[in-house]
Amino acid sequence: MPTPLPKADVPTAARQYNSRLGIVLFVVYLVLYAGFVFINAFAAEKMETVVLAGLNLAIVYGFGLIIAAILMALLYGVMCRNEPINGSPASDASNSDTNEGASR
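From a predicted model like this one, the values you see are computed outputs, not experimental measurements.

S.K.: What am I meant to see in the overall build of the protein here?
M.R.: If you tally the helices and strands in the protein, you get three helices and two strands. Listing every helix and strand of the protein by position from the N terminus yields α-β-β-α-α. Looking at the 104 residues of the protein, the share that counts as buried comes to 12%. When contacts within the protein are restricted to residue pairs at least 6 apart in sequence, those whose partners lie at least 24 apart make up 53%. Surface accessibility of the protein: about 8100 Å² in total, with carbon and sulfur atoms responsible for 68%.

This is how it looks when you write it as structure tokens:
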């Protein structure tokens, strides 16, 4: 008879949601980055086109990728769900744990 997995290894709804969210954001960034690579590979002359305030497409697209990565990291941080600690709701557990530790 197989032994059951420890409770920490069982995927919870919060973990599944966080994983799906991370994968979706990764795919979005992958598409953006693939566009940058394909333009460089197959239409490199397009990257020399001035598009904004004297800056060429390569610079604007590159900075756009950096800004997109930062925004998606912030979005992931905001949208991630916390797991309840010891079966209690996350908000109650976080308040009682922090207060209890501070009083000792």
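S.K.: In this structure, what is going on with helix 1 (residues 13-42)? I would like to understand it.
M.R.: In an α-helix there are 3.6 residues to a turn, and that puts residues three or four apart on one side. With 30 residues, helix 1 should reach 44 Å at 1.5 Å per residue; the first-to-last C-alpha distance of 43 Å fits that figure. The complete set of buried residues in helix 1 reads Ala14, Tyr17, Asn18, Leu21, Leu25 and Phe36. Where helix 1 is buried, its residues touch helix 2 (57-79).

S.K.: How should I be thinking about the environment of Asn56 in this particular structure?
M.R.: Tracing the sequence through the fold places Asn56 in strand 2 (residues 55-56). Taking the C-alpha atoms as reference points, Asn56 and Lys46, separated by 10 residues in sequence, lie 8.9 Å from one another. Those residues in contact with Asn56 that lie beyond four places of it in its chain are Met47, Glu48, Thr49, Val50 and Val51. In this structure the side chain of Asn56 is engaged in a polar contact, spanning 3.0 Å, whose partner is the backbone nitrogen of Ile59.

S.K.: Could you clarify how one ought to interpret the environment of Val28 in this entry?
M.R.: Position of Val28 relative to the elements: it lies in helix 1. Expressed as a C-alpha distance, the spacing of Val28 and Met72, which sit 44 residues apart in the sequence, is 9.3 Å.

S.K.: Whenever I open this one, unusual backbone geometry confuses me. Can you help?
M.R.: For residues besides glycine, phi is generally negative; the peptide bonds are generally trans as well. At Ala53, a residue that is not glycine, the phi angle is positive and equals roughly 50°. Looking at where Ala53 falls in the secondary structure, it is placed in the loop between strand 1 (50-52) and strand 2. Under the relative-accessibility criterion, Ala53 is labelled exposed at 79%.

S.K.: Whenever I open this one, the confidence of the model for the protein confuses me. Can you help?
M.R.: Detail in the predicted coordinates should be disregarded across regions flagged by low pLDDT. Here the protein averages 82 in pLDDT, while 73% of its residues score no lower than 70. Mean pLDDT across the secondary structure elements of the protein bottoms out at helix 3 (residues 90-103), with 49, and peaks at helix 2, with 95. Of the regions scoring below 50 in pLDDT, residues 90-94 engages in five contacts with residues more than four places distant in sequence or in other chains.

Calculation rules
- Sequence order as written defines residue numbering, which begins from 1 separately in each chain.
- Totals for whole chains, interfaces and linings use all residues, but because this is a predicted model, local features are given only for residues with pLDDT of at least 70 and pairs of side-chain atoms are given and counted only at 80 or more.
- Each side-chain value is worked out from all heavy atoms of the structure, with water and hydrogens disregarded.
- Strands here mean DSSP runs of E at least two residues long; helices mean DSSP runs of H or I at least four residues long; both are numbered from the N terminus.
- Each residue's exposure class comes from its accessible area (1.4 Å probe, protein chains only) as a fraction of the maximum for that residue type: buried when under 20%, exposed when over 50%, partly exposed otherwise.
- We call two residues contacting when some pair of their heavy atoms lies within 4.5 Å.
- Shrake-Rupley sampling with a 1.4 Å probe provides the accessible areas, and residues are treated as covered by the protein chains on show and by no other component.
- One less than the number of residues in a helix, times 1.5 Å, gives the span that helix is expected to have.
- Definition of a polar contact: a pair of N or O atoms within 3.5 Å, with one able to donate and the other able to accept a hydrogen when the atoms are protein atoms, and with sequence-neighbouring residues admitted only if both atoms are side-chain atoms.
- For every residue, the predictor reports its confidence as pLDDT, a number between 0 and 100.

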